[in-house]
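So the chains spell out like this:
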Amino acid sequence: MEEKVLNRNQAEGDGYCFGCGPNNPYGLHLDFREEGERFVTKKTLTREYQSYGGTVHGGIVSTMLDEAMGGYLYEISGKRSVTARMDVRYRHPTPVGEELTIAGWIDSKKGKFVKMKAEIALPDGTITAEGTATIAVME
Ligand SMILES: CCCCCCCCCCCCCC(=O)SCCNC(=O)CCNC(=O)[C@H](O)C(C)(C)COP(=O)(O)OP(=O)(O)OC[C@H]1O[C@@H](n2cnc3c(N)ncnc32)[C@H](O)[C@@H]1OP(=O)(O)O
């Protein structure tokens, strides 16, 4: 499948996005690629990002889902895309120290609002968290 390499340094700002900015020393450095009609990356988190022992903090889980959705729209539109509403279903604990596959995709569009979906999967295919969001694509 064709894979487009994205250069976030060309994006607005200074590369300090907490989710994807390459220059933020405290950021997650999520490096998404467009794969077909999905925005996908893999990430293994260390225990600096945990809540209960061995489990990724729920806020970080939400951030990764948010990034997969808002970041995708920003990437394909070139316009600032802000999250207006977001819902997360935490199905299973998301473990630290295991490779996570994070993916986002478009569900539907209505005017400037785009409904998005996202998920986090373990190597065995278990979905640990699902996100839905309404993202506003700004003019
Ligand atoms: C290296 C550099 C990289 C660059 C960075 C890449 C980053 C990528 C990161 C990406 C990931 C990180 C992403 C982030 O972290 S984005 C940061 C977090 N999000 C925000 O800060 C967004 C803040 N909110 C707003 O700016 C506005 O509220 C928006 C723009 C959303 C709407 O403002 P607007 O002025 O248009 O509307 P309004 O608020 O006056 O409301 C007016 C009407 O609009 C309708 N309406 C409104 N909302 C919804 C909705 N949810 N569903 C359905 N309808 C909705 C509704 O009819 C409403 O009327 P009422 O029903 O209220 O009467």
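Residues numbered from 1 in each chain as written. Predicted model: local features only at pLDDT ≥ 70, side-chain atom pairs only at ≥ 80, totals over all residues.

Caption draft 1: Representation of the overall build of the chain in the model. A count of helices and strands for the chain gives one helix and seven strands. Scanning the chain from its N terminus toward the C terminus, one meets helices and strands in the order β-β-β-α-β-β-β-β. Taken over C-alpha atoms, the radius of gyration comes to 14 Å for the chain, in line with the 14 Å a tight globule of 139 residues would show. Taking the principal axes of its C-alpha atoms as reference, the chain extends roughly 45 × 30 × 30 Å. Looking at the 139 residues of the chain, the share that counts as buried comes to 28%. For the chain, the proportion of contacts with a sequence separation of at least 24, taken over those separated by at least 6, is 61%. (Helix = DSSP H or I, 4+ residues; strand = E, 2+ residues; numbered from the N terminus. Rg over C-alpha atoms; globule rule 2.2 N^0.38 Å. Buried ≥ 20, exposed ≤ 12 C-beta atoms within 10 Å, placed from the backbone. Contact = placed C-beta atoms within 7 Å.)

Caption draft 2: Spotlight on unusual backbone geometry. Within the chain, H29 stands out as a residue other than glycine whose phi angle is a positive 55°. Its location among the elements puts H29 in the loop between β1 (3-4) and β2 (33-35).

Caption draft 3: Just helix α1 (residues 58-77), in detail. Helix length check: α1 (20 residues) gives 28 Å between terminal C-alpha atoms against 28 Å at 1.5 Å per residue, within 8%. Of the positions making up α1, those classed as buried are V61, M64, L65, D66, E67, A68, M69, G70, G71, Y72, L73 and Y74. As for α1, its buried residues are in contact with β3 (38-44), β4 (81-90), β5 (99-110), β6 (113-121) and β7 (127-137). Downstream of α1 by one or two residues, G78 has phi in the positive range, about 75°. (Expected span 1.5 Å × (residues − 1).)

Caption draft 4: Quick look at the environment of K42. With respect to the secondary-structure elements, K42 resides in strand β3. What makes K42 partly exposed here is the crowd of 15 C-beta atoms within 10 Å. Spatially, the C-alpha atom of K42 lies 9.4 Å from that of I120, the residues being 78 residues apart in sequence. Setting aside chain neighbours within four positions, we find K42 in contact with E99, L100 and T101.

Caption draft 5: Broad picture of the UniProt feature "domain: Thioesterase" (unreviewed entry) in the chain. Mapped onto this structure's residue numbering, the UniProt feature "domain: Thioesterase" (unreviewed entry) falls at residues 53-126. The span residues 53-126 is 27% helix and 42% strand, and its two end C-alpha atoms sit 20 Å from each other. (UniProt positions renumbered as here; feature names shortened; annotations may be inferred.)

Caption draft 6: Seen up close, the nonpolar core. In this structure, M64, L65, A68, M69, I102 and I120 are the most contacted members of the largest nonpolar core, which totals 27 residues. Looking at which element gives the most residues to this core, the answer is α1, with eight residues. (Core = buried A, V, L, I, M, F, W, Y, C linked by C-beta atoms within 7 Å.)

Caption draft 7: Spatial organisation of the environment of K117. Within the element layout of this structure, K117 appears in strand β6. For K117, a count of 18 C-beta atoms within 10 Å translates into the label partly exposed. Put simply, K117 and K42 are 75 residues apart on the chain and 17 Å apart in space, counted from C-alpha to C-alpha. Aside from chain neighbours lying at most four places away, what touches K117 is G104, W105, D107, G131 and T132.

Caption draft 8: Local environment of the pairing of β6. With burial as the criterion, only one face of β6 is covered, namely that bearing V114, M116, A118 and I120; the residues F113, K115, K117, E119 and A121 on the opposite face remain uncovered. Note: β5 against β6, nine bridges, orientation antiparallel. Among the inter-strand pairings, K109 is bridged to a residue of β6, identified as V114. Direction of pairing for β6 relative to β7: antiparallel, over a ladder of nine bridges. Directly across from V114, in β7, lies its bridge partner I135. (Pairing = 2+ DSSP bridges.)

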